[in-house]
Amino acid sequence: MRQGFAISIQADALRYTKQAQPVLQDLVMQLPAQQWTCLLGRSGCGKTSILRKLAGLLENAQWQGKIETDGQPLSGNIAYMAQQDLLLPWLSVLDNVCIAERLQGRSLTQDLRDKALLLLDKVGLKAHADNYPHTLSGGMRQRVALARTLLQERPIVLMDEPFSALDAVTRHKLQSLSFELLQGKTVLLVTHDPQEAVRLGHQIYVMEGSPANAHLLAGLASTPPRQLDEHSAALQNDILHRLGGEHV
Amino acid sequence: MSNWLRGATASLVILGLWQGAILIWSLPSFILPAPMAVFEVLISRWPMLWSHTWVTAQEVLIGLALGVSIGLYFALLMLLFRPVKQWLLPILIASQAIPVFAIAPILMLWLDYGIASKVAMAAIIIFFPVTTCCFDGLRSTPSGYLDLAQTLNANRWRTLWHIQLPAALPALGSGLRVAVVVAPIGAVVGEWVGSSAGLGYLMLQANARMRIDEMFAALFILSLFSVALYFSVDWLLKRSLPWHSQ
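Since the structure is predicted, the reported quantities are computational estimates derived from the model, not experimental observations.

Caption draft 1: Looking closely at the overall build of chain B. Counting secondary structure elements, chain B contains 10 helices and 0 strands. If you list the helices and strands of chain B from N to C, you get α-α-α-α-α-α-α-α-α-α. Within chain B, buried positions represent 35% of all 246 residues. In chain B, once contacts between residues fewer than 6 apart in sequence are set aside, the share between residues at least 24 apart is 76%.

Caption draft 2: A look at the confidence of the model for chain A. When the pLDDT values of chain A are averaged, the result is 90; 98% of them are 70 or greater. Per-element confidence in chain A ranges from a low mean pLDDT of 87 for helix 8 (residues 230-244) of chain A to a high of 96 for helix 2 (residues 93-97) of chain A.

Caption draft 3: Spatial organisation of the sheet that holds strand 8 (residues 203-208) of chain A. Residues and elements named next belong to chain A. Pairing is mixed across the open sheet formed by 6 strands, whose spatial order is 5-6-7-3-8-9. At either end of the open sheet lies a strand with only one pairing partner, and these are strand 5 (78-81) and strand 9 (213-216). Across this sheet, the average inter-strand angle for adjacent strands is 20 degrees, counted without regard to direction. Where strand 5 meets strand 6 (residues 156-160), 4 bridges bridge the pair, whose relative direction is parallel. For Ile78, the partnering residue across the bridge sits in strand 6 and is Ile156.

Caption draft 4: Molecular detail of the nonpolar core. By size, the foremost hydrophobic cluster in this structure holds 71 residues, and its most contacted members are A:Leu39, A:Val97, A:Ala147, A:Leu158, A:Leu188 and A:Leu189. Apart from residues lying up to four places away in sequence, A:Leu158 is in contact with A:Leu51, A:Leu54, A:Ala55, A:Ile78, A:Tyr80 and A:Leu188.

Caption draft 5: The arrangement of the UniProt feature "domain: ABC transmembrane type-1" (unreviewed entry) in chain B in detail. The UniProt record marks residues 49-233 of chain B with the feature "domain: ABC transmembrane type-1" (unreviewed entry), using the residue numbering of this structure. As annotated, residues 49-233 of chain B has a helix share of 89% and a strand share of 0%, and its two end C-alpha atoms lie 24 Å apart.

Caption draft 6: The arrangement of the domain arrangement of chain A in detail. Residues and elements named next belong to chain A. Per the domain assignment, the segments making up chain A are domain 1 (7-77 + 155-247) and domain 2 (88-153). For domain 1 versus domain 2, the distance between C-alpha centres works out to 26 Å. Taken together, the contact between domain 1 and domain 2 spans 10 residues of the former and 9 residues of the latter. The element best represented in the side of domain 1 that touches domain 2 is helix 6 (residues 168-181), accounting for 5 residues. Considering only residue class, the side of domain 1 that touches domain 2 consists of 8 nonpolar, 2 polar and no charged.

Caption draft 7: Local environment of the packing of helix 8 (residues 156-193) of chain B against helix 10 (residues 212-240) of chain B. All names here are of chain B. Close contact between helix 8 and helix 10 brings their axes to 10 Å; oriented N to C, the two are set at 160 degrees. Taken together, the axes of helix 8 and helix 10 are roughly antiparallel relative to one another. The way helix 8 lies across helix 10 gives a crossing that is right-handed. Residue-level inspection shows Gly173, Leu176, Arg177, Val180, Val181, Pro184 and Val188 of helix 8 in contact with helix 10, the latter providing Leu222, Phe225, Ser226, Leu229, Tyr230, Val233, Asp234 and Leu237. Grouping the constituent residues of the contact of helix 8 with helix 10 by class yields 11 nonpolar, 2 polar and 2 charged.

Caption draft 8: Examining unusual backbone geometry more closely. All names here are of chain A. Note the cis peptide between Ser210 and Pro211, where omega equals -5 degrees. Secondary-structure assignment places Pro211 in the loop between strand 8 and strand 9. The omega torsion of the bond from Pro224 to Pro225 falls at 0 degrees, within 30 degrees of zero and hence cis. Its location among the elements puts Pro225 in the loop between strand 9 and helix 8. With a phi close to 50 degrees, Glu153 is a non-glycine residue in the positive phi region. Mapped onto the fold, Glu153 is located in the loop between helix 5 (138-151) and strand 6.

Caption draft 9: Quick look at the interface of chain A and chain B. In this assembly, 19 residues from chain A lie in contact with 17 residues from chain B. Where the side of chain A that touches chain B is concerned, the elements lending two or more residues are strand 5 and helix 3 (99-103) of chain A. The element contributing the most residues to the side of chain A that touches chain B is helix 3 of chain A, with 3 residues. Residues that form the side of chain A that touches chain B fall into these classes: 12 nonpolar, 6 polar and 1 charged.

Here is what the cut-offs are and how they apply
- Residues numbered from 1 in each chain as written.
- Chains lettered and ligands numbered in written order.
- Predicted model: local features only at pLDDT ≥ 70, side-chain atom pairs only at ≥ 80, totals over all residues.
- Helix = DSSP H or I, 4+ residues; strand = E, 2+ residues; numbered from the N terminus.
- Buried ≥ 20, exposed ≤ 12 C-beta atoms within 10 Å, placed from the backbone.
- Contact = placed C-beta atoms within 7 Å.
- pLDDT = per-residue confidence, 0-100.
- Pairing = 2+ DSSP bridges.
- Axes fitted to C-alpha atoms, helices over the stretch in contact; angles between N-to-C directions.
- Core = buried A, V, L, I, M, F, W, Y, C linked by C-beta atoms within 7 Å.
- UniProt positions renumbered as here; feature names shortened; annotations may be inferred.
- Domains from an automatic or database assignment.
- Nonpolar A, V, L, I, M, F, W, Y, C, P; charged D, E, K, R; others polar.
- Parallel < 35°, antiparallel > 145°, perpendicular 65-115°, else oblique.
- Left-handed = near helix turned anticlockwise from the far one by under 90°.

Below is the structure:
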């Protein structure tokens, strides 16, 4: 398995086309290798733009700054999990997991099918391999998306609120499963949920101000996944205060 | 109520109203023949009716295949080459402003009185709804799918083949549903302008000879054919696109 590598982001400014005021300014973030970094912020503060910039998906925006890695290119090394599961409804669950092969023009070998089935087994959906996505629940669909991400074996995983549309219990289970299966990857998780960030993040950045920049949250001594105890409640309060602080 | 039962009930009501109108207003058979008289024609002249139906059916089906192919081709052309869209779309819209009746004599002149001119009529009448529906479907691919393809380093053609085209199928299906209903209009208009066979031709001949029951029989077959074609395509689309009919 390819191990995740560290990424350093320095955004001097990010402006959307036809907007004079930058969305981000003087933002510095470090994504340590093989760790989960959570990024929180109010809607429209530019957190998804950072993720899209890393994924090479940022359009209609002017980015000034630099992204550095330890020598490895980002292109071809990134897997992307969005809020929607992005399962293709015309393909079976197994074919969805193996979609990268089709899109890269490679034939689907038996080895790869076996590997995909193994991953589906890990996410508890092997019995549904031949079903179509519309027959699955929201949580099951996100588990298929997770298996698809894992099969790509890419060292960097970018997650844009992938659990936000799920109910509390399903979200909790899927967070644990993702954390377990994405060991060894460098993960950037964009989320609105302070509890999710506290539970999963090795480090947490909170975006504040306008134009926004990112502040690293102090006090994360323990390693994730964290239990929801008094300390994590205090951290969540701190995050909520920072997120709402702009209007205090 | 099942679809079949609903269809049978509606048919019986229409037949009842039809027969009722004849009885109430004492309409002569050369104005409105009785349903039974039309049914008798359907039975007694079935071989002749079938030969004309077969001609029209061929015109409609070949026209459909041609029109859908052209529609799909234009939609892809406009998606892939932006300048083509800027030039082609106004021409396509202008082409729809010309009534098909006005084109029919020209097509007879160019393509003769055989099946080709009717196939062309059917194709011309349907390619526009197919083009617009398919183009709308192709350019409305959910952006998340395209993002996924991009992060997986898919090239333009593989993105088109594996994502954009399948994602456009429901929209293409909507175009196809419209196409199967209007294609017979194109074929029959073509037959009215100039032909020696087909249900449109038969209706004109029957009208000229005051065989109104025969005209109604041809009209009945034409309606039945269009309805059968629509429901067959609808059934096929629902089976092929199960995620869309959910």
